[in-house]
Amino acid sequence: MTSDDAKPPRPSGRPATIDPDAVAGLALDLFAEHGYENTSMEDIAKAAGIGRKSLYRYFTSKADLVWGGTEPVVEASTRAFDSFHSPGKSDGGVLAGLREATIAGVAVIPDLAVTRGRLRLIAEHPELTSRSYESLAPQREKALAFLVESGLTDSAARFVSAAYLAVTFEAWLQWAAGSEPDPVPYLMAALEVLRVPFDNVRAV
């Protein structure tokens, strides 16, 4: 065997760190360029310069790539919920807390154009739309805990938290379908439908 036939040595050290947000952004670009159905996980891995096993370690499906990016929103909303009932703060009622958490979530989204692209894909593909209940579960649970702490019964809180996620999700879809830069007015309008009186609960 000559030196020309020798295999190049394998790189030593730890593998390069993968940025899941960057990979998801790249996937969205590929979906926009080639179509969601026509883009495979292998295509995404190749474009990102990573192996398929590495891609699947972070994202088990194309749907996960589209629905990603919710963690910072959930964290920001949770902080808003936690601070809403802090000592000495005049909270203004349940609906005010939901408004604050919603606005806090919007504020941490780094690129609303990417979010609009994600939502348009979700609206166009039943496979993605059907993931909404599962994907939004962390936000629903945080809202549920806040509502119970605010004085709603567990049953009423479950109804309201489900309604909260449903109306805000629809507001996001309506915003994504248009061209307005700011989703907050859509979200605030959606929350107005939650003005339902509950016995023995602070006014909303």
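In this text the structure is predicted, and so the values were computed from the model without any measurement. (Residues numbered from 1 in each chain as written. Predicted model: local features only at pLDDT ≥ 70, side-chain atom pairs only at ≥ 80, totals over all residues. Heavy atoms only, no water.)

Another aspect to go through is the overall build of the chain. If you tally the helices and strands in the chain, you get 12 helices and 0 strands. Tracing the chain from N to C terminus, the helices and strands come up as α-α-α-α-α-α-α-α-α-α-α-α. Split into buried and exposed, the 204 residues of the chain put 42% on the buried side. For the chain, the share of sequence-separated contacts (at least 6 apart) that also reach a separation of at least 24 residues comes to 66%. Summed over all atoms, the accessible surface of the chain reaches about 12,000 Å², with 55% contributed by carbon and sulfur. (Helix = DSSP H or I, 4+ residues; strand = E, 2+ residues; numbered from the N terminus. Buried < 20%, exposed > 50% of the residue type's maximum accessible area, 1.4 Å probe, protein only. Contact = heavy atoms within 4.5 Å. Areas by Shrake-Rupley, 256 points an atom, 1.4 Å probe, with all protein chains shown as cover.)

Following the sequence through the fold, Ala 143 ends up in helix α10 (residues 137-149). Judged by its relative accessible area of 0%, Ala 143 is buried. Once residues lying within four places of it in the same chain are set aside, the contact partners of Ala 143 are Phe 81, Ser 161 and Tyr 164.

It is worth spelling out helix α6 (residues 94-107) at this point. Every α-helix winds through 3.6 residues per turn, so residues three or four apart in the chain are directed the same way. Its 14 residues give α6 an end-to-end C-alpha distance of 20 Å, which sits within 8% of 20 Å, the value for a rise of 1.5 Å per residue. For α6, every residue scored as buried is listed here: Val 94, Leu 95, Ala 96, Gly 97, Leu 98, Ala 101, Thr 102, Gly 105 and Val 106. (Expected span 1.5 Å × (residues − 1).)

Next up on the list: the packing of aromatic side chains. Overall, the coordinates contain 5 aromatic pairs when judged by the stated rule. With centroids separated by 4.6 Å and ring planes inclined at 25 degrees, the aromatic side chains of Phe 81 and Phe 146 adopt a geometry described as stacked. Within this pair, whereas Phe 81 is found in helix α5 (residues 71-84), its partner Phe 146 is found in helix α10, the two being separated by 65 residues in sequence. For the residue pair Phe 81 and Phe 146, the accessibility class agrees, reading buried in each case. In this structure Phe 146 comes out as buried when scored by relative accessible area, which is 2%. Ring pairs connect the aromatic residues Phe 81, Phe 84 and Phe 146, which therefore count as one cluster. Sitting over the ring of Tyr 133, Arg 140 keeps its end group 3.7 Å from the ring centre. (Phe/Tyr/Trp six-rings, centres within 6.5 Å; stacked < 30°, edge-to-face > 60°. Lys NZ or Arg CZ within 6 Å of the ring centre and 35° of its normal.)

As a further point, take the confidence of the model for the chain. Scored by pLDDT, the chain comes out at a mean of 86, with 84% of its residues at no less than 70. Per-element averaging of pLDDT across the chain places helix α1 (residues 20-34) at the bottom with 91 and helix α12 (residues 184-191) at the top with 97. In this model, residues 1-15 is a region of pLDDT below 50 whose contacts with residues beyond four sequence positions or in other chains number 1 contact. (pLDDT = per-residue confidence, 0-100.)

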